[in-house]
Amino acid sequence: MMQRPFLTLFMIALASTLSAQPELEKRLQTLLIMAEDGSTVAFPEGTITISNTLSLDAKKNVTIRGAGQGKTVLSFKNQKQGAEGIKITNAENIVLEHFTIEDSKGDLIKTQQVRGLTFRDITAQWTGEPKATNGSYALYPVQCQNVRIERCTAIGASDAGIYVGQSDSVWVTNCVVKWNVAGIEIENTTNAWVWKNKAFDNTGGILVFDLPDLPKKRGGHVKVHDNLVTRNNFRNFAPKGNIVAKVPPGTGVMILATNDVEVFNNKIWDNKTASTAIVSYFIAETPIKDKDYNPYPSRIFIHDNIYSMGKRMPTWKSKLGFIFWWKFGKKVPHILYDGIQNPDWLDANGRLKPGYEICIRNNENGTFANIRADKLGLLKEKSVKTPNRMTANFKISALIAISVAMLGAGKNRFSTSYLEAKPKLSDYAFFLGKISELTPAPNVFPYEVNAPLFSDYAEKARFVFLPEGQKMVYNAEQAFEFPTGAVIIKNFFYWNDARAPEKGRRILETRLLIKEEKGWKALEYLWNAEQSDAFLEVAGAAFPVAWIDGKGKKQSIEYIAPNLNQCKGCHSYDGQFVPIGITARQLNREENGENQLILWQKSERLVLPEGFNASNAPRLTDYRLTNHQSTNHQSTNHLTDAARSYLDANCAHCHNPHGPANTSGMFLEIGQTDPERLGVGKPPVAAGRGSGNRRFGIVPGKPNESILVFRMENDDPGIRMPELGRQTQHREGVELIKAWIQEM
């Protein structure tokens, strides 16, 4: 196991080689992978150019520290792989402090499933003029607990500078946010304090939102106080299709469809359109299909704020701003309520029942109006109904006190075993004779899948090693159960000339998934030019590859082999590392006239259920077959089978309720039956410029208006999907999904 003294010595070496940027990037990523729990990874002073996401996974009590804001600068301006600058997942008690991070293709720092998190003294920014092609979020904790963001600066985000989503127990304090679409956004998050911040020159200063179609349905219990929210009149440069694209320039504080929010003791000055807006989700003019979603705000308390005097001019360039101007001209009240109420919350007199009130009082210059937006005839949503009266200035129910746990160092430690791994692939003796011929040794057997994962047109040679006398156990829905010591082996290669395999191939990498007593471990081996062996590589690599494809056309790309944390990113199920290709639906296929699973049972490699019938077992369709011929014996809808199988194999390992993309609310596994969960008519969540100015994930009959197709077609690291594992567009896959959507 790597010890802390080694980390210190290693950083001295890093400082002396700062000019060797690619090597430095590799060493930094290696440090993050190998870091011992409880250690500090110190980034050296200087500007460090990074081409791939730096990632940290499954660590405890780790601090990532720079030499200071403006002294340590991580620049992602030339990023080639990964949608984030820094990504931290499945961790506990993590501190990031004292550095500047700039110009990633997607989010600058994203943290997911982290319990105990501190951002301190960080500048996160996109340099140059703010524009729609900037990433969505500068600081982006999502599905996290016990979050502190303090003394940070966020600049230039095309969605939100500081965005806290689907999290609990949050402090955002003493931060500066400017030239973002939204300065600070608290979304579907509970128990949050936002105080003593400066939000200026954004489109909107501070937003507190609840949105539909997310795993965490309801936020609330948010306090916004003692902030300076001023001059948030900057143009809205968010890509169309995102909810923040509807926020009018000149918005100070906006509360949308959430509950238990208290806004007090703030200075809310010189925001030209709406100093404070309390609105329902209906202002988005997007149909609501989430049955568990509450689109109405309730228990909102706005008090003791100071608003500026004088006339203001609402923008005409947004629907909401136009409504304000149409109704009030330059005399727009500071506090605006859209007046769209839930009829179920009203008593016999048309007043809000206790527990749902909106209370507004004691605000200096705080004029108020209920705009009755549903009565103006300007909103498209037809299902909005509201009574003739509203209530304001009533005593609000007491807000639940917020308790944020202090962050502390835990005593538990993860153990890493990368240093115990064999240095060469040949050390495992998986293959006989010349290793590049991939002739399996005893207890190593090949397998094929129905719907392969696309990897820049690379071919794969797949094998499983089972210890002597051990067997896999069948599982109809998840990955098969494997004995300790089993290894899944996947080799990636290109034929020199795909028309003539006899001309040989170049093997690039071999990925191993090793089943240990505590779970699965990933290892990556890169092949040398002589094809005599492959060598352990922790931090990944990029190198040029050229080949001739099946049509005789010369092809070339910069091939990127993942680092070990990126392997975990795709193989995560509720934060646990799992295989994704060894499933019944992938392996239930015929090989040389015999079912692969039955063959394994006969050779005593697999335990099948009693009475197993392959024709009734789950099976994906081979989407590569001509005319989308179905191999699913249980269906005759060939095009749908092929398209859904493609999405299951290429997207659903992340886009499922237990995967790392569950924050999107878009689930693409083969068993998903809810059209909206598949993206049909579903607006984007946290997509940023990945929306491509499109409104919905899938628009039936209109593939070119569907976000799904846009992201599949795009090669930009901040837009493309999947975000890892490919540098080029899968042309055949795109055409398949287009045909499927066209036929809807």
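Below, the structure is looked at part by part. (Residues numbered from 1 in each chain as written. Predicted model: local features only at pLDDT ≥ 70, side-chain atom pairs only at ≥ 80, totals over all residues. Heavy atoms only, no water.)

**Remarks on the overall build of the protein**
Rule in force here: Runs of E in the DSSP output that reach at least two residues are strands. Runs of H or I that reach at least four are helices, and both are numbered from the N terminus. Whether two residues are in contact is decided by their heavy atoms, any of which lying within 4.5 Å being enough. Residue burial considers only the protein chains on display, and all accessible areas are found by Shrake-Rupley using a 1.4 Å probe.
Of regular secondary structure, the protein possesses nine helices and 44 strands. Put simply, of all contacts in the protein between residues at least 6 apart along the chain, 64% involve residues at least 24 apart. Total accessible area on the protein stands at roughly 29,200 Å², and carbon and sulfur atoms take up 50% of it.

**Quick look at helix α7 (residues 638-650)**
Rules: Given the number of residues in a helix, its expected span is that number minus one, multiplied by 1.5 Å. The buried label goes to any residue with under 20% of its type's maximum accessible area, the exposed label to any with over 50%, and the partly exposed label to all in between, with areas taken from a 1.4 Å probe on protein chains only.
Compared with an ideal rise of 1.5 Å per residue, which puts 13 residues at 18 Å, α7 spans 18 Å between its outermost C-alpha atoms and is within 8% of the ideal. Here α7 lies mainly inside the structure; 11 of its 13 residues are buried. Residues of α7 that are buried: Leu639, Asp641, Ala642, Ala643, Arg644, Ser645, Tyr646, Leu647, Asp648, Ala649 and Asn650. As for α7, its buried residues are in contact with α5 (584-587), α8 (707-713) and α9 (731-742).

**With respect to the packing of aromatic side chains**
Counted only if it meets this: Only the six-membered ring of Trp is used, alongside the rings of Phe and Tyr, when aromatic pairs are assigned; centres must lie within 6.5 Å, and planes under 30 degrees apart are stacked while those over 60 apart are edge-to-face, with the rest tilted.
Throughout the structure, instances matching the rule amount to 28 aromatic pairs. Ring centres 6.0 Å apart and planes at 10° place the aromatic pair Trp171 and Trp193 in the stacked group. Taken together, the positions of Trp171 in strand β12 (residues 168-173) and Trp193 in strand β15 (residues 190-195) put the pair 22 residues apart, joining distant regions of the chain. Following the ring pairs from residue to residue traces out a cluster consisting of Tyr428, Phe430, Phe431, Phe463, Phe465 and Tyr525.

**Side note on the sheet that holds strand β34 (residues 487-495)**
For the record, the criterion: Paired strands, as defined in this entry, are two strands with at least two bridges between them according to DSSP. An axis is simply a line fitted to the C-alpha atoms; with a helix, the fit covers only the stretch in contact. Between two such axes, the angle follows the N-to-C directions and lies from 0 to 180 degrees.
Strands sit in the order β31-β32-β34-β35-β36-β37 across an open sheet of six strands; the sheet is antiparallel. In this open sheet, the two strands that pair with only one neighbour each are β31 (444-447) and β37 (534-536). Taking each pair of neighbouring strands and ignoring which way they run, the sheet shows an average axis angle of 30°. Across three bridges, strand β36 (residues 519-527) lies against β37 in antiparallel orientation. Its bridge partner being in β37, Tyr525 is matched across the sheet by Leu536.

**A few points about the environment of Gly688**
Considering the arrangement of structural elements, one finds Gly688 in the loop between α7 and α8. Remark: the alpha-carbon pair of Gly688 and Lys240, spanning 448 residues in sequence, is separated by 8.7 Å. In contact with Gly688, other than residues within four places in its own chain, are Ser136, Pro239 and Asn242.

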